[in-house]
Amino acid sequence: MQRKRLKRSTATDEENRSNPSQRSPEREISSFTQTPKLPKQDPEAVARRYQLEVFHRAKEENIIAYLHTGAGKTLIAVMLIKSYAHLLRKPQNNYAVFLVPTVVLVRQQAAYLEIHTDLKVGQYWGDMGVDLWDREEWQKELNTHEVFVMTPQILLDNLRHCFFTLDTIRLLIFDECHHARKKNPYALIMREFYHRINVGNGTNLPRIFGMTASPIYCKGLSSAADCASEVCNLEKTLNAKVYTVEDTTELEGVLVTPDVQIKYYDCRGIPNDLLQNLTENLEYIREKHTRFEESFQIDGPILEKAKKKIVKLHSTILFCAKDMGIWCAAKASEILLHDKVKTFVYDPRLHQFVVNAMKNFLLDAGNACRENLPSDKLWKCGVDLERDVLAGFLSAKVRCLIQTLLYYRDRKPLRGIIFVRRVIASMVMGNLLRYMNCFANIKSEYMAGNGSSLQAQTQKEQKQIIDAFREGKVNIIVATQVIEEGLDIQGCNLVIRFDLSDTVCSFIQSRGRARMKGSHYVLLVRRDDDDEKRKLDELIENVKIMRETALNRSLIPSHLHVELMPSEEFFSVESGAIVTLNSSVALIDKYCSQLPGDRYYTPRPVFHMNKATAECIMELPTNCPISRIKIQGDINLLKQLACLEACKQLHKVGALTNYLLPGREEEDEDLQEGKENEDCKKRFPLYAPNDFVSDWDFTMPKVLFYCYYLFFERDFEYTFPFQNVILLVKHALDPSVQNMKIRLEVTNGAVSVQSEFAGTLELTSCEVEMATRFQVTVLRLLIDNKLDKFSGGIGLHYKTEISKNQIMYLLLPLVKTCPKLALSLIDWTRIRHAASIDLVNGCNTGITGLSRSNHRILANEQGDLIQTACGTVPMDMLEDSIVETPHNGNVYCILNVLKNLNAASPIVSEKCTSGEIRTYTEHFRNRHGITLRYQCQPLLSARPLFRVENFLLRRPKAEKASASNFTVELPPELCKFVCLHISPSILYTFSFLPSVMHRIESMLSAAQLQRIFSNQWPYNFRVPTTKVLEALTMKNCQECMSLETLETLGDAFLKYVASRHVFTTYSQKHEGQLTSRRKQIISNHALYKISCGRQIPGYIRNECFDVQQWIIPGQHLVLHSGNLQNNFHILENMHIKGYRTMKTKNVADVVEALIGACLETGGEIVALSFMKWLGMDIDIHREMPSTRKLDTGFVSNVNVPYFRSLLNYSFRVHTLLVESVTHASYKEPPFSGCYQRLEFLGDAVLDYLITFYFYKTNPGLSPGLLTDLRSAAVNNDCYAQAAVKWNLHQQLRHASSVLHNQITDFARCISSSSASQDQFFGWTNTEVAVPKVLGDLIESIAGAVLVDSDFDTKLVWDAMKPLLEPLVTPKTMKYQPVRELQELCQKESYKCRYHPSQEEGTSTVKVEVTVKDDRYIETCDASNQRTAKKLAAEKVLKSLKAGGLHNH
C-alpha cells in the first residue's frame, strides 16, 4: 500500500526521495518506523537554496521565517539546532527549546529531530503530569536531554518557577509563532522574561527563531497599514525580524497549491414557523429545568453551575437547529446524552445533581426536536436531500456539504478534512456521514481540541485518528482548528471549509493541509450573502498584502524595529522564581485547589469589587493561613493585584515555597522506596545473648559457675517423673531470668518450669569436659533419634574441644534425693556413663572393653548374662540403657527385662488369628529376614526415645490428648548398646530443655536490649523483660505471646504523639500537609530505618523455634562477631548466631510494639523516652503559637454554656471552641478558620485514648479482638451517632444546604429508629448516608479540649468519654455486615460477589452469595455505594441465618 502511494506521488515527492532530509516530518517518521535506521545525513547538504538563505540569516540574528506551508521550515530549524550542537552537548548545561502549540506537533517535531540529529531530545506535554513535577524531577530531565520539545505553557511555568532559566537556553524556537500575541504563552515568555533581561542589557539571551506561514493572526485587516502594524507587533514581541525569500521561483516549484473551489449554497433556511415553534419549546424546557430553587435545597454554587451548563446546552441545541437542521439538533442531544461519548455532561468532577439536571434537559430537548421529524420508521434522513431541506430537517449548507462529498467520494484514494468552527458541528457531521447509506464506503471520524469545554477527546484518541487517516483507514476527518496548524499529512487531497476561516492565518493553514498534487480546497459560501463574499475576498487579498508587507519589513534595519515592551508588576523570590499579574490568579487558584475540601465545600477565593472606591477584598478559604486581602488600584487589574499580594503573603508564611509553588509535602525518595519495597524481604542477623557466648579459658584448673535450678512440674499424670536440672553459666544472668516461670504445652497438658538461683560452684576442667560431652550426647540423641546422623555430624568424639565464641552453658541432672540448694549432688554417675559413649562406633566403651572373665565376675555380682549385639552383658545392667537396633536403625530406651517372655513367646501386642504371625521368632524372620539365635533369652521392654519438639507452640484444645506410653519388645541379640544407666526420667526431662533454653535465650536477648535503652533514661525505671520479649515476638512464632496487642497500642500512641508534634510545630500548615508530615515520621519505612540504627532487628523473633537449628551447648558451632554490611553496625559485644529474612514492615511493627510495651508499663513519659532513644525527632513540649483573638460578640454566637455542661470542661480560649464547630464552608468575618486542623489532632488522640482504654479494661484480650473493639468504637458511624445523640449537629456552623439536608435526614432516621441508642455499637443500619462531618465534629471538639488543656489527655478522656458511652464491649460488639459476610464466606467457602451500579444519583448494590447449588441475592439502594453495600450485606446475612447457614 505504501509503495502504491509512492508511485502516485508528485514531482515534489520524487525530489524528496532523492533528498531524504527534505521529507516532511510525517513522511519521515513513517519511513523511519518501517525501515532500518540509516546514517544521519547532513541537512545542509540536501537543503534547497532558499532554505540555506533563511538558515544563514537565522544564525546572524533573531528572525521570524515566513514561508508557506510545506516549504520545509522544520528543516531550517534542524540546521539551526545542529549549528548550536557544540554548545548543547553534555556535560554543558545549555539547551535548545523547540516550542509548538499543540501536543500532536510535539510528537511530530520531536520525532523529526531525533531522526536528523544525534542530540538527546525530550518531549513534554500537559497530560504527562508535568504540572506536578518539582525542581528535582525537572533537574533529572535537564541532566539527560539537550533539546526540549514542548508546549509553551510548560516552558512558561518552568521559567516562572525557576526550574529553567533563560540564560541556559541557547536557542529558542517558536513553531507557529503567529500565536505570540496578547496573553498567549508565547507572548508571556518573551514579555515576562526575555524583554525584562533585554532591558537590563542582558548578554546571555537565547537566539530566537520563529516559524509561521502567516505572521498575522487577527480578524478584519482592512489595509496594508493594518497588516504592517500587526507584523510590527509580532516583531516587537519576539524581538525578531520577519524574513521571507524575495525570489520565490524555487519555492513555487516545491510547493503544492490546491485548486481552490467555491461552492455556493442557497439562502433558504429552516421554515420560520418550525424554527419559531422549536425555539419556544426549547426556551420553555430551559426555564423548566433551571427553576429548581423551590424544589431542591442545593448549595448555591451547585445550582449556579447547573444553570450555566443547561444554558450552554440550550444554546448548543438551538445553534444546531438553525445552522444544520432539526435532525442535526436531535442528533446533537442524542450524542451529548450518550455516556460513551466523553462530553462535559459526564465530567466526573461535576456534582451528581448537575449531571442529572443536564441529562434531564437533554432528554426533553431531544424529544422536542424529534417531535418535528417524521414518525414513520422507514423514514431516513438524507435519502431525499431536497425534501429534507424544504422540511427543515437539514440545512441547505449541510446539503451542499453532502453534495460536495458525493462528487469526490469515488476518488481513490480519498483523504479529506472538513473544517468546522464549533465542536458540536464536528461531532454531528461525523455522525451524519456514518449514518447516510451513500457514504457507506467512507470511514469518517471527528476531532476537536482536548481543551474544549464541550467534549474531552484524549490525546491518545486524537493520535489514533490521525494515524488511521495517514494509513487510509479513515477517509474523512471532521475537525475544528485543532489540526489546522503544522500537521503534515502528505496524502490529504481534499479540504472543505464548512465554515469560512475567521482569519487569514486560518485560511492559509487550512489550505496548507491539502498537500497532494491535484488536491482541492473547497469553500462553502452562502449565495447572495454579501458579507461572506466580502470576507472571502478580504482573505484572498490579505494573503497578498501580508507577503508584500513582509518583504518591505525585511528592508528595515533590525535595530530600528526593536522597542522596549511595557513592564508589568511582579514578585520575585531568592530562587529567581517570579509571579506576575498575569500568573498570580492561576497560582492562587492552584494553591486553593490543593487545600483540603469535601463534597460540601470546594476551596476557592472570593472577590468583592467596589468600583466606586477602586477597591477589592479577596476572601481566601478558611483553611488558608491568610484570611483576607484588601487592595486598591487600577479597576481593571484589581483581581490580579489582590492575587499578587496574596502570593507575597502566602510565600512569607511558607504556604508557597521558594519556587512559588503550593507547599506540598512530597515523600522523600527513601520513603517512596520504602513504600515500594514494603513487602520485600531483607536479610537480618540474629543475635545470641552475650551471657551464653563463651570466652572461657580452660587453662585454669578450676572454673567458677553461676548455678540455677530448673524445677519441672506438670498438670497431668505420666509414667515417667521429671528429674530436676541445674543450669551452669559463667556469668550471672539477668534478674528477670533468675526467677522466671516457663509454660510448655504438650498433647496432654502443660508443663511448667521454674528457674531459681542456686549459688556458685567450681568445676575442674575434666568435670567441665565430661559434663559437656554428656549434654551434647544426650541432646543430640534426643533431637536426631538416629545414630547414623552422628556420622561426621558432630565435632565431639572422645575429647571435647572448648574454644571462644561458642554458645556454652551446662545442663546437668540432679540426683533424685537432692535436697534444695544441694549443689554437690549433681548426678555424676549418669553423666559419666553418657560421657563414655562412642558416637562413631555406636557402643558404650564401658561395655565393649569388658573381657569374658570380667563378665563372669559381673554375673556373680549382678546376676545372669545376656547376649547382645555388643557381646554378653549382665542382665541388671540393661535397665535404664539406650540401645540401637541395627536392622532398622532405631534407638530405644530400655525400661526393664521381660523375664516371662522370650523369642518363642507369642506376640502380646497382636490379636492373632489363623494363619497370622504368632511368635517373635516368626515375626523377625518374616518381617526383617532375621533368624533369632538365642530363643530362650528374655526379651527387653523398650520405648522409642522421647520426641524433642517445640513445646513453646500454642496448641489448640482439639490437639490435646492423652500421652502415649507406646512400648516394644526387643530380642537382646538385636540390640547394640549405646549408653548405660541413662534413666528415662533424664531423657524425658531433657527432651523439654531445647524449648526451655530457647525461651531463656530469648529472655536474655530481650533483657540485653532492655538494659541498652533503659540505661539512657535519666531516671531509674526498667520495662519488664517479659513485655520487651512480647514486643519482639511476632505472630509467626506461634507462641503464647505475640506483639500484635502491644503493636496496636503503640501504633495509636505513636500516631497521637506524631500528630501532636506536627500540629504544634507547623501552625501554618493545613490538614493535608500535617498528614503528610506525620506520615514521614511514623511510616513503616521511617520506623524501619531508625530501628536499624539501634540494631533492633537482631533481637526480633520472627520464626517458629526449630529444634534442628538449635545450637547445642558445647557443640562446635563458631559464631561470627563484629561489623556487618547492609547498613547494620553491630556493637562490639554483639554476637551473631545466624541470619534470616524479614519484611521491613515487620521490623516497623516491632518498633510500635516496643513503644506499646513502654507505654503500658511506664506510661507516656517512659514511651516518649524510648522514642527519644530511638532517635525520633519529636518535640511534644513545644509551646503553642498564640491563638486568634475574637470579638466577644462573635464568640457569643456559640453556645458556650452548653458545651461547658456537656463536656464538664470550661474552655480557657473560646476561639478553640468556635474553631472546633466551624465547617470550612462557613465564613463570617472577622473569624477565619475551620475545624480541619483540630479534627486531625482529635482523631489521633481519641484513637489513642480509646485503644488504651480497651487495653486496660480487658486484660488478656486477644490481638484480633482488641482490633475489632477499636474499629467498632473509632469510626465515623459511631462518632456521628454520638454527635446526634448529644445534639452537637445543632451547634455545627456551616453554609451548605446539601450538608444541612443530609444531617437532617440522618438525625431524623436515628431518632425514628426502632433500635435503642444503647444497642448501637460499631456501625449504623440506617438507609441514609452517614455525614462524615458529624464524625469530624466529635474529633475536632476532642482536639480543641486537648489544645486548651495544654495537652492533658486525662482531661480529654474525662470530657469525651461520656459522649461516646456506652462503649462497646466484647459481648456487645456487632461486626460490620460487609466484613462479617466476607469472613463467613471465607470460612465456609461460599462464593460472594457484589454488583454495584449508579443511576440518577442513587447507588445500587446487588450482593450474590452462592452456597452449593443455592443462591442468596439481595439488592439495596442508598445515596452512596458504601451504605448500599452495607445494607445489602446485612440482608444477605439475615437470609443465611434464616437458612441455618450462619450462627454467628
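Residues numbered from 1 in each chain as written. Predicted model: local features only at pLDDT ≥ 70, side-chain atom pairs only at ≥ 80, totals over all residues. Heavy atoms only, no water.

**Student:** Describe in detail helix α38 (residues 1071–1082), supporting the description with residues and values.
**Tutor:** Given a rise of 1.5 Å per residue, 12 residues ought to cover 16 Å, and the 16 Å separating the end C-alpha atoms of α38 matches this to within 8%. Three or more residues of α38 are buried, namely E1071, Q1073, L1074, R1078, I1081 and I1082. Burial along α38 is one-sided: seen end-on, the buried residues are contained in an arc of 160°. Taken together, the buried residues of α38 touch α37 (1044–1065), α39 (1084–1093) and α44 (1236–1257). (Helix = DSSP H or I, 4+ residues; strand = E, 2+ residues; numbered from the N terminus. Expected span 1.5 Å × (residues − 1). Buried < 20%, exposed > 50% of the residue type's maximum accessible area, 1.4 Å probe, protein only. Arc of directions from axis to C-beta. Contact = heavy atoms within 4.5 Å.)

**Student:** So what's going on with the packing of aromatic side chains? Which residues, and what values?
**Tutor:** Per the stated rule, a full pass over the model turns up 39 aromatic pairs. Here the aromatic residues F712, Y718, F720, F722, F946, F951, Y988 and F992 are joined through ring pairs into a cluster of three or more. Its guanidinium or amino end placed over the ring of F570, R196 lies 4.0 Å from that ring's centre, counting from NZ or CZ. Directly above the aromatic system of F319 lies the positively charged group of R422, at a separation of 4.1 Å from the ring centroid. (Phe/Tyr/Trp six-rings, centres within 6.5 Å; stacked < 30°, edge-to-face > 60°. Lys NZ or Arg CZ within 6 Å of the ring centre and 35° of its normal.)

**Student:** How would you sum up the pattern of salt bridges? Please name residues and give values.
**Tutor:** Throughout the structure, instances matching the rule amount to 48 salt bridges. Among the salt bridges present, the one from R160 reaches E192, with a minimum N-O distance of 2.7 Å. Taken as a pair, R160 in helix α10 (residues 152–160) and E192 in helix α11 (residues 185–199) lie far apart in primary sequence, 32 residues in all. Looking at E192, the relative accessible area reads 1%, which means it is buried. The residue R1011 makes a salt bridge to D734 at a minimum N-O spacing of 3.0 Å. (Salt bridge = Lys/Arg side-chain N within 4 Å of Asp/Glu carboxyl O.)

**Student:** Give a description of the pairing of strand β1 (residues 63–66) that names residues and reports values.
**Tutor:** Remember that side chains alternate between the two faces of the sheet whenever the strand is regular. Along β1, one buried face is formed by I63 and A65 and the opposite face, lined by I64 and Y66, is buried too. Pairing of β1 with strand β6 (residues 207–212), which is carried by four bridges, proceeds in the parallel orientation. For I64, the partnering residue across the bridge sits in β6 and is G210. (Pairing = 2+ DSSP bridges.)

**Student:** Kindly report on unusual backbone geometry, identifying the contributing residues and their values.
**Tutor:** Cis geometry is found at the peptide bond from K90 to P91, where omega equals 10°. Along the polypeptide, P91 turns up in the loop between α7 (85–88) and β2 (95–99). With omega at 0°, the peptide bond leading from E1365 into P1366 counts as cis. Structurally, the position occupied by P1366 is in the loop between α49 (1353–1364) and α50 (1377–1388). Unusually for a residue other than glycine, N239 sits at a positive phi of about 50°. Note on placement: N239 falls in the loop between α12 (224–238) and β7 (241–243).

**Student:** Describe the sheet that holds strand β9 (residues 416–419), naming the residues involved and giving the relevant values.
**Tutor:** Taking strand neighbours across the sheet as the criterion, the six strands line up as β8-β13-β12-β9-β11-β10 in an open arrangement whose pairing is parallel. Across the chains shown, the open sheet's two edge strands, defined by having one partner strand only, are β8 (259–265) and β10 (444–447). Within this sheet the neighbouring strands show an average axis-to-axis angle of 20°, counted without direction. Pairing geometry for β10 and strand β11 (residues 476–479), over four bridges, is parallel. For M447, the partnering residue across the bridge sits in β11 and is A479. Contacts between helix α21 (residues 459–471) and the sheet are confined to β9, β10 and β11, with β10 contributing the most and set at about 140° to the helix. (Axes fitted to C-alpha atoms, helices over the stretch in contact; angles between N-to-C directions.)

**Student:** Report on α49, specifying residues and quantitative values.
**Tutor:** For α49, built from 12 residues, the straight-helix expectation of 16 Å at 1.5 Å per residue is met to within 8% by its first-to-last C-alpha distance of 16 Å. Taken as a whole, α49 has its buried residues at T1353, V1356, W1357, A1359, M1360, L1363 and L1364. Where α49 is buried, its residues contact α37, α40 (1144–1174), α42 (1200–1207), α44, α46 (1276–1285) and α48 (1332–1348). Its side-chain oxygen 3.0 Å from the backbone nitrogen of K1354, D1352 forms the N-cap of α49. (Polar contact = N/O pair within 3.5 Å; in protein donor to acceptor, adjacent residues only side chain to side chain.)

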